[in-house]
Each structure stands twice: as structure tokens, then as C-alpha cells.
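A closer look at the structure
These are the residues of each chain, in order.
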Amino acid sequence: MSTANAYLTVRGIDIDVIYKDIKNLHIGVYPPLGRVRVAAPERFDDDQVRLAVIQRLPWIKRQRETLRAARRQSEREMVTGESHYVWGLRRRLKVVERPGRTHFEVEGERLVLFTPSTTTAEQRRSALDQWYRQQLREAIPGVIQSWEQKLAVSVPGWTLRRMKTKWGSCNRATRHLWFNVELAKKHPDCLEYIVVHELAHYFESNHGERFARLMDKQMPDWRRRRDQLNGSPLAEEDWGER
Ligand SMILES: [Zn+2]
């Protein structure tokens, strides 16, 4: 079975497209960020896929809103027993209430929060956010450095940011990179994939065939990493022939 891949941007939404030996177009919206992936029959071309996506935009937007609402609802209480993902591993939270500075430590399989009993859930969530950022600040420089060498480029600067629908982004004019704080919850392979993806934009602005070829050459398993990053779909629908 032959497959080809493309990235499209439709009305500001990035779409991952895979062409396969299948009968019907298939659209999925994937948590946590609502990434959109399309599996299309080989007889389709990019324009036909674009058109199909435009027709399904209201549905896609509804799915994304559902995801966002679910994220808000699942706001964590920050109590013992909850699970929190760290670098792709699900860790049980243990809260140790004691006076002193609020901080996190990984102990065995657990994530331990040391904090005074008076801190609120909000303060604890914010401490966790800071801890995730710290994890990334420690991990990212090494990854960037090794890929700067492999690709013979240099990165002038990068910033962590919470983004609603993107794992990373790149300003081609300034070459500055942004990374989503949520990456600290994913396997390190995913972080590396995003770094390479954003660096690939130094060479290619669009997610076209040349972009895919560049990724294939530099990181042959990038599709696996991308799928690992985007997880299983929140919602999927098959759209029959029309
Ligand atoms: Zn991109």
C-alpha cells in the first residue's frame, strides 16, 4: 500500500493529511490540542481534501470546543492520588503538607508535592506549571544544540508558552522558536520531534512535500513521534463519498 503525506493549512487550522488506499475520507480531531488529521483516498488531491475540510469546519470547531471544555473541567485538585504525566510517564501525585517552600520532586514512580497546608489548588497548579517549565528549560538546550549541529543552523532564542492548538512555532524572520509547556507531559521523543519540525521551517515555510522529504531525511520516524504526540483521537468521523 502506498502512502503519501501532506500538511495543509485551512482557514488557519493546520491539517495533517495522509493519502492511503482507502475508500472514504476520514477526519479526526485529536487531544489534547485538537490537532486535525485527515486520511484521504489516493484519488484525492490536496484541493479536494481542502474542500472536504472546509465543509467539515463547523464540526471540527465543535470538536475543538468540546476538547477545550474538557480540559477546563478536568482542572486538577492537586491532591494525593491524582495522576499527572511527566515526560510521557503517568505518575501518581503525593502531597506532603508541611511548612516551607512549595516544590515538586520525583520519588520513584511518584511525583511528590511539598507544600504548606494553606496553599490553594490554584497555587499548587501554578507551582506545577512552573515545575513543568523548569523541566523543559533543562531539556531543551541539549536537544537544540545537537540539532543545530546536525542541520548546521543556529537558534538565536526560544521561549516557552502555553498555546491552545500548537506544540511549537517558529518565526522565520527572527528564527525565534516557541514551545508549548504541555510538551513536558509527553515522551522526550516528542519534544525532539517538535524541535526538528520547527528547525525544518528554517528551510521550508510550508508543510509541503519538500518539508516532508526534509523530515524523512533528518528524522525517519517523525510520523511515529507525531502520532505519539497527538495520541488517540477525541472524535473521528468517516465521510462517505459525496
Ligand atoms: Zn510546522
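The residue numbering used here restarts from 1 in each chain and proceeds along that chain's sequence as written. Per-residue local features of the predicted model are confined to residues with pLDDT of at least 70, and side-chain atom pairs are confined, for both listing and counting, to 80 or more; whole-chain, interface and lining totals are unaffected and use all residues.

Think of it this way: any DSSP run of H or I at least four residues long counts as a helix, any run of E at least two long counts as a strand, and we number them from the N terminus. Across its full length, the protein chain carries six helices and twelve strands. With respect to the principal axes defined by its C-alpha atoms, the protein chain has extents near 65 × 40 × 30 Å. Here a residue counts as buried when 20 or more other C-beta atoms sit within 10 Å of its C-beta, as exposed when there are 12 or fewer, and as partly exposed otherwise, the C-beta atoms being derived from the backbone. Relative to its 242 residues, the protein chain shows a buried fraction of 27%.

A separate point is the sheet that holds strand 11 (residues 177-180). Ordered by their spatial adjacency, three strands build an open sheet running 9-11-10, and the pairing between neighbours is mixed. Two strands close off the open sheet at either side, each with one partner strand: strand 9 (158-161) and strand 10 (168-170). Geometrically, the sheet is characterised by an average inter-axis angle of 20 degrees between neighbouring strands, direction not taken into account. Both strand 10 and strand 11 contribute to a ladder of three bridges, which runs antiparallel. Within strand 11, the residue paired with Ser169 across the bridge is Trp178. Whether two strands pair depends on DSSP finding at least two bridges between them. Only the stretch in contact is used when fitting a helix axis, every axis being a line fitted to C-alpha atoms; angles between N-to-C directions are given from 0 to 180 degrees.

In summary, soluble globular proteins display a tendency toward joint burial of nonpolar side chains. The nonpolar core criterion groups buried Ala, Val, Leu, Ile, Met, Phe, Trp, Tyr and Cys residues into a set whenever they are joined through C-beta atoms within 7 Å. If you look at the biggest cluster of nonpolar residues, it comprises 32 residues, and the most contacted ones within it are Phe179, Leu183, Tyr193, Ile194, Val195 and Val196. Every element with two or more residues in this core is listed here: strand 8 (110-115), helix 3 (121-151), strand 11, helix 4 (188-200) and helix 6 (222-230). It is helix 4 that contributes the most residues to this core, eight residues altogether. Each residue is represented by a C-beta atom placed from its backbone, and any two residues with such atoms within 7 Å are regarded as in contact. For Leu183, the residues in contact, after removing those within four places along its chain, are Leu136, Trp167, Cys190, Leu191 and Ile194.

Okay, the domain arrangement of the protein chain next. Each domain's limits were defined by an automated method or a database of domain assignments. Domain boundaries in the protein chain define domain 1 (4-74) and domain 2 (83-203). Spacing between the C-alpha centres of domain 1 and domain 2 amounts to 26 Å.

Another aspect to go through is the packing of helix 4 against helix 6. With their axes 9 Å apart at the nearest point, helix 4 and helix 6 run at an angle of 115 degrees to one another. Relative to helix 6, the crossing made by helix 4 is left-handed. Of the residues in helix 6, those touching helix 4 at Asp189, Cys190 and Tyr193 are Trp222, Arg225, Arg226, Gln228 and Leu229. Just so you know the grouping, Ala, Val, Leu, Ile, Met, Phe, Trp, Tyr, Cys and Pro go in nonpolar, Asp, Glu, Lys and Arg go in charged, and all remaining residues, Gly too, go in polar. Of the residues belonging to the contact of helix 4 with helix 6, the class tally is four nonpolar, one polar and three charged. The hand of a helix crossing depends on one turn: near helix anticlockwise from the far one by less than a right angle means left-handed, and clockwise means right-handed.

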